[in-house]
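What follows is the residue order along each chain.
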Amino acid sequence: MTMWLRNRAGTEPLTARSPLRARRILSLVALVLGMVAAVVFAVLAASTGAEVWRWEAAIAAAVAVVAAADLALLRRRR
């Protein structure tokens, strides 16, 4: 056993990898889908006048905003 393996303080595996790439991909997918869904729901709300579509558009827009904030944070960490 080499010296650096004996002095490990954490419980991480030897082949631990950063999840930032997967997180970036998931955030990009959430951003695109959130924006598309917000537009679709807003169009449905305008055409039908139903209140439920406005709420759906707001939720989808919130998902897109959170995904955009996560992407900005990931870019800053890079």
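Attention in this report is confined to the structure presented alongside it.

Calculation notes
Residues numbered from 1 in each chain as written. Predicted model: local features only at pLDDT ≥ 70, side-chain atom pairs only at ≥ 80, totals over all residues. Heavy atoms only, no water. Helix = DSSP H or I, 4+ residues; strand = E, 2+ residues; numbered from the N terminus. Expected span 1.5 Å × (residues − 1). Buried < 20%, exposed > 50% of the residue type's maximum accessible area, 1.4 Å probe, protein only. Contact = heavy atoms within 4.5 Å. Phe/Tyr/Trp six-rings, centres within 6.5 Å; stacked < 30°, edge-to-face > 60°. Polar contact = N/O pair within 3.5 Å; in protein donor to acceptor, adjacent residues only side chain to side chain.

### Some remarks on helix α2 (residues 20-48)
Stage number 1. For α2, which comprises 29 residues, the first-to-last C-alpha distance of 41 Å matches the rise-based estimate of 42 Å (1.5 Å per residue) to within 8%.
Stage number 2. Buried residues of α2: Ser27, Leu31, Gly34, Ala38, Phe41 and Ala45, and no others.
Stage number 3. Taken together, the buried residues of α2 touch α3 (51-77).
Stage number 4. Of the residues flanking the end of α2, it is glycine 49, one or two places downstream, whose phi is positive at about 80 degrees.

### Focus: the packing of aromatic side chains
Stage number 1. Here the structure, examined in full by the defined rule, presents one aromatic pair.
Stage number 2. Relative to tryptophan 53, the ring of phenylalanine 41 has its centre 5.6 Å away and its plane inclined at 20 degrees; by these criteria the two rings are stacked. In this pair, phenylalanine 41 sits in helix α2 while tryptophan 53 sits in helix α3, placing the two residues 12 residues apart along the sequence.

### Re the environment of threonine 48
Stage number 1. Relative to the helices and strands, threonine 48 resides in helix α2.
Stage number 2. One polar contact links the side chain of threonine 48 to the main-chain carbonyl oxygen of leucine 44, over a distance of 2.7 Å.
Stage number 3. Looking at threonine 48, its side chain comes within polar contact range of the main-chain nitrogen of alanine 50, at 3.3 Å.

Honestly, that's just the spatial picture; any functional story needs more than this.
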